[in-house]
Amino acid sequence: MFNTEKYKKICEELLPYKANLIAVTKTKPVTDIEAAIQNGQMLFGENYVQELVEKVPVLPKNIQWHFIGNLQRNKVKQIAPFIHTVQTVDSRKLLNELNKHAASNNRVIKVLLQVHIAKEEAKFGFSEVEVQMLVDEGVFEQYNNISFNGLMGMATNTDDTMQVRSEFKQLYGLYKSLSDAFDRNESPVLSMGMTSDYKIALDEGSNMIRIGSALFGSR
Ligand SMILES: *Cc1c(COP(=O)(O)O)cnc(C)c1O
């Protein structure tokens, strides 16, 4: 169930930071998404290709869809016709595939590079060094159908707020150092912060938070 009060509160909290809110709707029904739209939300995040392609046809065409899950290359084709941003790009091969399918759909897909900042093994993403290497190699100039807009990261899932803060701080540092590399025609994006840590993320320079359970209940 969509929590209207929570939504309004979070939108208010975001205002001073000029940050965007991605409503994360994985595992949640289309009716929840419609309720959020009723309240003015148009940016949504999904994690699974199959679930996303089932929801898209029955929802308004002007939704901005952000892919925030682990994206397999063989599934890029299914989302390329409509996806606004892929926030979880973690390999060169995935970039190649996104560019190819964006081109065959005559469109540009925005991407964020996912950076591995957490101390946990399980989280995906490039290391800081790898991101720097891609940028130094001028990789993004080779892709006519990809717009490189910024970075995304997830902090360690821990109650240690000092650690979470230091991970966000680190990602912000990388983001700032790369600012010349992002597509000049778009607003640069630093996507960090979820239900448990978005306040810290905003404090540390996030301009896009991805919120699921605070808005739609636990999964
Ligand atoms: C599920 C998910 C979210 C939202 O998580 P909540 O804790 O429910 O706010 C944000 N980002 C990513 C990458 C996710 O997979």
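The paragraphs below set out a description of the structure included in this document.

Definitions and cut-offs
Residues numbered from 1 in each chain as written. Predicted model: local features only at pLDDT ≥ 70, side-chain atom pairs only at ≥ 80, totals over all residues. Heavy atoms only, no water. Buried < 20%, exposed > 50% of the residue type's maximum accessible area, 1.4 Å probe, protein only. Helix = DSSP H or I, 4+ residues; strand = E, 2+ residues; numbered from the N terminus. Arc of directions from axis to C-beta. Contact = heavy atoms within 4.5 Å. Near = heavy atom within 4 Å. Polar contact = N/O pair within 3.5 Å; in protein donor to acceptor, adjacent residues only side chain to side chain. 1 Å grid on protein atoms, 1.4 Å probe; cavity = no way out; pocket = protein on both sides within 12 Å on 5 of 7 lines; lining within 4 Å. Sits in = over half its atoms within 2 Å of the grid points. Nonpolar A, V, L, I, M, F, W, Y, C, P; charged D, E, K, R; others polar.

A closer look at helix α1 (residues 4-14)
- Looking only at α1, the buried set comprises Y7, I10, E13 and L14. Viewed along the axis of α1, the buried residues span an arc of 125°, placing them on a single side of the element. Summarising the geometry of α1, the exposed residues directed more than 90 degrees from the buried face are E5 and E12.
- In this structure, the buried residues of α1 make contact with β1 (20-24), α8 (198-203), β8 (208-211) and α9 (213-216).

Digging into the side chain of D32
- Tracing the backbone shows D32 in helix α2 (residues 30-38).
- Excluding residues within four positions of it along the chain, D32 makes contact with M1, F2 and F216.

Topic: the site of the ligand
- In the vicinity of the ligand lie 13 residues, with K26, N47, T195, S213 and R219 positioned nearest.
- One nitrogen or oxygen atom from the side chain of T195 is found 2.5 Å from an oxygen atom belonging to the ligand.
- Spatially, the ligand is embedded in the largest pocket.
- Residues of the shell around the ligand, tallied by class, amount to six nonpolar, four polar and three charged.

In short, shape yes, function no, at least from these values alone.
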